[in-house]
Amino acid sequence: YTILSKVHSDRNVYPSAGVLFVHVLEREYFKGEFPPYPKPGEISNDPITFNTNLMGYPDRPGWLRYIQRTPYSDGVLYGSPTVENVGKPTIIEITAYNRRTFETARHNLIINIMSAEDFPLPYQAEFFIRNMNVEEMLASEVLGDFLGAVKNVWQPERLNAINITSALDRGGRVPLPINDMKEGVYVMVGADVPFSSCLREVENPQNQLRCSQEMEPVITCDKKFRTQFHIDWCKISLVDNTKQVSTFQEVIRGEGILPDGGEYKPPSDTLKSRDYYSDFVITLAVPSAIALVLFLILAYIMCCRREGVEKRNMQTPDIQLVHHSAIQKSTKELRDMSKNREIAWPLSTLPVFHPVTGEIVPPLHTDSYDNTSMPLMQTQQNLPHQTQIPQQQSAGQY
């Protein structure tokens, strides 16, 4: 069902187009390329990472992916070759980095893609497995168990794993690091017989309604996967290539040659003189003349059209003029009083009688006293002949 190969120096592999290709980059093999630890007998466990790229290019081909979770795990190259690459050797440069000694080792992997006679398989189904990561699904025993379960449900004569894609590559979100949550993986398989009734159950209206309500659909063959694989049946995709109508239309291409526009004639080397007087008149003189006219009209309205105070008073009622004159006189008197602050305060603002004896109290300041800092009301502490009120003592002093 799949091609699994171990890494070797400059090795040739022969995957088939349309069939899943998996190549494991084992750390144990590359450990021999790096010097051992200085202490004899110590087990070497260097962190090793890999970089893979197409020879002469910075990245891999579009159909080939690579994954390595940690520097202490093996790397995996996987993907599904296409028909366009059949017969074209693809050389992948594999560079191993020792993160302890900063040394590198390079090997070449030559991929010779072969054409498959039964490709493409007409019936293809894509499953979404929620409890698996892509590197776990790429293991030969896990992938074999899944294909065995699909074969029991589908009962085809030929069954191939076409492609495996991580849910993160499909826009999925990174799972939370709790409860050992998985990111999920999409597995596409192909067969040569129509889909079984169990796989068609997801297309029932009842199951479609349950999927729209984010509920688990009722699938009779789910128990054959549930022991090891948790499949999201709402995300299953069934593709029947035998019913697809070709929509290819022949494209009529032109010659790609522009029409002849005659011989090119460059501009003359000698430039003619140009008069900018008209441009000056239009740009500056005309707006300035308009602004001057507007200024004269505004000046005439504001300066030469005033009616005067006499006309205003003649049109104003007498009672309003009297009120206005009284307000002006009062305002002037208050302003004159505020300028002269040496005037004594009115007696109405000072206490007249002693608060205790009731005697008449004369003013406490003379005319020359600076009354700007004098409070309006005298407190009891400033009054003469003040009688002290005895304070109540506590019972413990008697």
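Being a predicted model, the structure only gives us computed values, none of them experimental. (Residues numbered from 1 in each chain as written. Predicted model: local features only at pLDDT ≥ 70, side-chain atom pairs only at ≥ 80, totals over all residues. Heavy atoms only, no water.)

Q: Talk me through the overall build of the chain; I want residue IDs and the actual numbers.
A: When helices and strands are tallied, the chain shows 9 helices and 12 strands. Pairs at least 24 apart in sequence give 66% of the contacts found in the chain among residues at least 6 apart. Summed over its atoms, the accessible surface of the chain is roughly 28200 Å², and 56% of this surface lies on carbon and sulfur atoms. (Helix = DSSP H or I, 4+ residues; strand = E, 2+ residues; numbered from the N terminus. Contact = heavy atoms within 4.5 Å. Areas by Shrake-Rupley, 256 points an atom, 1.4 Å probe, with all protein chains shown as cover.)

Q: Which residues make up the sheet that holds strand E8 (residues 104–111), and what values do they have?
A: Here we have 4 strands laid out as an open sheet, ordered E2-E8-E7-E4, and mixed in their pairing. Whereas interior strands pair on both sides, the edge strands pair on one side only; in this sheet they are strand E2 (11–13) and strand E4 (48–54). Averaged over neighbouring strand pairs, the angle between their axes works out to 25° when direction is ignored. By the bridge criterion, 8 bridges tie strand E7 (residues 90–98) to E8 in an arrangement that is antiparallel. Residue pairing for E8: Tyr-97 is matched across the bridge by Thr-104. (Pairing = 2+ DSSP bridges. Axes fitted to C-alpha atoms, helices over the stretch in contact; angles between N-to-C directions.)

Q: Residue-level account of the pattern of salt bridges, with values.
A: Taken as a whole and judged by the stated rule, the model has 12 salt bridges. Two residues, Arg-170 and Glu-126, come together in a salt bridge whose shortest N-O distance is 2.5 Å. Separated by 44 residues along the polypeptide, Arg-170 in the loop between strand E10 (159–166) and strand E11 (185–191) and Glu-126 in strand E9 (residues 123–129) bring together distant segments of the chain. Classification of Glu-126 by relative accessible area gives buried; the value is 11%. When salt bridges that share partners are traced, they join Arg-69, Glu-135 and Glu-183 into one network. (Salt bridge = Lys/Arg side-chain N within 4 Å of Asp/Glu carboxyl O. Buried < 20%, exposed > 50% of the residue type's maximum accessible area, 1.4 Å probe, protein only.)

Q: I'd love a proper account of the environment of Gln-124, names of residues and values included.
A: Take Gln-124: it is sitting in strand E9. Gln-124 sits 117 residues away from Asn-241 along the chain, and the two C-alpha atoms are 8.0 Å apart. Here Gln-124 is in contact with Ile-162, Met-188, Val-189, Gly-190, Phe-195, Ser-237, Leu-238, Val-239 and Asn-241, once residues within four sequence places are set aside. Among the polar contacts listed, one links the side chain of Gln-124 to the backbone oxygen of Leu-121, at a separation of 3.3 Å. (Polar contact = N/O pair within 3.5 Å; in protein donor to acceptor, adjacent residues only side chain to side chain.)

Q: So what's going on with the UniProt feature "transmembrane region" (unreviewed entry) in the chain? Which residues, and what values?
A: Those places that UniProt annotates as "transmembrane region" (unreviewed entry) correspond, in this numbering, to residues 280–303. The annotated region residues 280–303 carries 100% helix and 0% strand content, and the separation between its end C-alpha atoms amounts to 34 Å. (UniProt positions renumbered as here; feature names shortened; annotations may be inferred.)

Q: Summarise the nonpolar core; cite the residues concerned and give the values.
A: By size, the foremost hydrophobic cluster in this structure holds 40 residues, and its most contacted members are Phe-127, Met-137, Phe-146, Trp-154, Val-189 and Trp-233. Ranked by residues supplied to this core, first place goes to helix H3 (residues 140–154) with 8 residues. Residue contributions to this core reach at least three from each of two domains, namely domain 1 (7–113) and domain 2 (123–240). When near neighbours in sequence (up to four residues on either side) are disregarded, Phe-127 contacts Phe-146, Val-150, Val-185, Tyr-186, Val-187, Val-189, Leu-199, Ile-231, Trp-233 and Ile-236. Judged by nonpolar contacts, the second largest core, of 19 residues, contains Leu-25, Leu-64, Ile-92 and Ile-94. (Core = buried A, V, L, I, M, F, W, Y, C linked by side-chain atoms within 4.5 Å. Domains from an automatic or database assignment.)

Q: Now, about the state of the cysteines: what can you tell me, with residues and values included?
A: Linking two cysteines covalently through their sulfur atoms gives a disulfide. Using the criterion set out here, one finds 2 disulfides in the structure. The partner cysteine of Cys-198 in its disulfide is Cys-221, sulfur to sulfur 1.4 Å. Residues Cys-198 and Cys-221 share a disulfide whose torsion about the S-S bond is about -70°; that sign makes it left-handed. Of the two residues, Cys-198 is situated in helix H4 (residues 197–200) and Cys-221 in the loop between helix H5 (205–212) and helix H6 (223–226); the sequence distance between them amounts to 23 residues. Assessed through its relative accessible area of 6%, Cys-221 is described here as buried. Note that Cys-211 is cross-linked by a disulfide to Cys-234, the S-S spacing being 2.1 Å. Classification of the bridge connecting Cys-211 and Cys-234 rests on its S-S torsion, roughly -85°, and on that basis the disulfide is left-handed. Linking Cys-211 in helix H5 with Cys-234 in the loop between H6 and strand E12 (237–240), this pair joins segments that are 23 residues apart in sequence. Look at the chain and number its bonded cysteines as they come in the sequence; the links are 1-3, 2-4. (Disulfide = S-S within 2.5 Å.)

Q: Give me the lowdown on the sheet that holds E9, citing residues and values where you can.
A: Read from one edge of the open sheet, 4 strands run E10-E11-E9-E12, paired in antiparallel fashion. Only two strands of the sheet have a single neighbouring strand rather than two, namely E10 and E12. If you compare each strand with its neighbour and ignore which way they point, the axes differ by 15° on average. Summarising the sheet, E9 and E12 pair through 4 bridges and their orientation is antiparallel. What sits directly across from Glu-126, in E12, is Ser-237.

Q: Got a sec to walk through the confidence of the model for the chain? Specific residues and values, please.
A: Residues with a pLDDT of 70 or more make up 76% of the chain, whose mean pLDDT is 79. Segment residues 376–398 is flagged for pLDDT under 50; beyond a separation of four residues in sequence, or across chains, it makes 16 contacts in the model. (pLDDT = per-residue confidence, 0-100.)

Q: Could you give an account of unusual backbone geometry, naming the residues involved and the relevant values?
A: Phi is positive for Phe-102, which is not a glycine, with a value near 60°. As for its placement among the helices and strands, Phe-102 is situated in the loop between E7 and E8.

Q: Which residues make up a nonpolar patch on the surface, and what are the values?
A: Side chains of Val-286, Ile-290, Val-293, Leu-294, Ile-297, Leu-298, Tyr-300, Ile-301 and Met-302 sit close together on the surface and give an oily, nonpolar patch of about 890 Å² of accessible area. Looking at the secondary structure, you find Met-302 in helix H7 (residues 277–303). Residue Met-302 is classed as exposed on the basis of its relative accessible area, which comes to 55%. (Patch = residues over 30% accessible without salt bridge, like charges linked within 9 Å, V, L, I, M, F, W, Y side chains within 5 Å.)

Q: Can you tell me about H3, naming the residues and giving the values?
A: The end-to-end C-alpha separation of H3 is 21 Å, in line with the 21 Å expected for 15 residues at 1.5 Å each. Among the residues of H3, Val-142, Leu-143, Phe-146, Leu-147, Ala-149, Val-150, Val-153 and Trp-154 are the ones counted as buried. Angularly, the buried residues of H3 cover 155° about the axis, an arc narrow enough to put them on a single face. Lining the buried residues of H3 we find E9, helix H2 (134–137), E10, E11, H4 and H6. Gln-155 sits one or two residues past H3 and shows a positive phi near 60°. (Expected span 1.5 Å × (residues − 1). Arc of directions from axis to C-beta.)

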